[in-house]
Amino acid sequence: MLYLLYIFPAVIFVLTTLIYFVVKNGLKDYVNNLSTKVREIESVLDLSFMRDMLTRFMSRSAARAAQMLRTNPSASASDTTGITMNSGEDMDRFYASIRKAAQPSIDLERVNFVASLLQKVILIYGYSIAVVELALISFSFFPSYASYYGDFDGVFLGGTIFFSVIVVLMVADLQIYSRRITASVNRS
């Protein structure tokens, strides 16, 4: 009769494997969809960056600065201060534009990392529960260990609650980064 208890670890093992593959396939489709969006965003943001850069280099102040440096390469510090200050502001704008263009890719990499981590956590937790349950059932055949079986159920409950909180945080993290990508699509 007690041998029927071995069905529980087997069921846990099978369900964990099944859930892993369902989550893996679902997240794969989800990440591929986000990747398509990121490629669209990046093409628009790259064009925007190029436009900003060309506009800056075609501006009157850039032409004047280039002309001044070309005619008088050893200009005094007071003559080049305006050029340096403008260059610093331009560099800040270029950096902001580059960062804006790269942010969707950074967010996509974070989504990929959290998705793979979530899959691994599900697999590790499910298999470890199955193994521990198998060990507990095996030890319950010995009368001196039979009373500990109920105590470990409380440990399983606490571990499951902790695991659930971790999974919820990972899913929330996925949602945050995917919303950032979607917001970038809507802004483009």
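The text that follows walks through the structure, step by step, so that each part is easy to find. (Residues numbered from 1 in each chain as written. Predicted model: local features only at pLDDT ≥ 70, side-chain atom pairs only at ≥ 80, totals over all residues. Heavy atoms only, no water.)

**Description of the overall build of the chain**
Threshold: For the purposes of this entry, the term helix denotes a DSSP run of H or I that reaches at least four residues, the term strand denotes a run of E that reaches at least two, and both are numbered from the N terminus. The rule is simple: take the accessible area with a 1.4 Å probe, protein chains only, and divide by the maximum for that residue type; under 20% is buried, over 50% is exposed, in between is partly exposed. Contacts are residue-level and defined by heavy atoms, with any inter-residue pair within 4.5 Å sufficient. The accessible surface values rely on the Shrake-Rupley method and a 1.4 Å probe; as for residues, cover is taken only from the protein chains in view.
When you go through the chain residue by residue, the secondary structure sums to 4 helices and 0 strands. Taken over 188 residues, the chain has a buried fraction of 26%. Restricting to contacts in the chain with at least 6 residues of sequence separation, those with at least 24 account for 87%. Total accessible area on the chain is roughly 12700 Å²; 69% of this is exposed by carbon and sulfur atoms.

**What to know about the environment of Leu 123**
Mapped onto the secondary structure, Leu 123 falls in helix 3 (residues 77-139). Discounting residues that sit within four places of it in the chain, Leu 123 has contacts with Thr 16 and Tyr 20.

**Some points on a nonpolar patch on the surface**
We count it as follows: Here a patch means residues that are over 30% exposed by relative accessible area and free of salt bridges, tied together within 9 Å if like-charged and within 5 Å if nonpolar (Val, Leu, Ile, Met, Phe, Trp, Tyr). Should a side-chain nitrogen of Lys or Arg be within 4 Å of a carboxyl oxygen of Asp or Glu, the pair is scored as a salt bridge.
A cluster of nonpolar side chains, contributed by Leu 4, Ile 7, Val 11, Phe 13, Val 14, Leu 15, Leu 18, Ile 19 and Val 22, occupies part of the molecular surface with about 830 Å² of accessible area. Note that Leu 18 resides in helix 1 (residues 7-57). The exposure class assigned to Leu 18 is partly exposed, which follows from its relative accessible area of 49%.

**Looking at the pattern of salt bridges**
Applying the stated criterion to the full structure yields 2 salt bridges. A salt bridge links Arg 110 to Asp 107; its shortest N-O distance comes to 3.8 Å. One end of the pair, Arg 110, and the other, Asp 107, are both in helix 3, 3 residues apart, so they sit about a helical turn from each other. For Arg 110, a relative accessible area of 35% corresponds to the partly exposed category. Residue classification places Asp 107 among the buried residues on the basis of a relative accessible area of 1%. Notably, a salt bridge pairs Arg 180 with Asp 107, separated by 3.4 Å at the nearest N-O pair. Remark: Asp 107 occurs in helix 3 and Arg 180 occurs in helix 4 (residues 148-187); sequence separation between them is 73 residues. Assessed through its relative accessible area of 36%, Arg 180 is described here as partly exposed. One salt-bridge network, in which partners are shared between bridges, spans Asp 107, Arg 110 and Arg 180.

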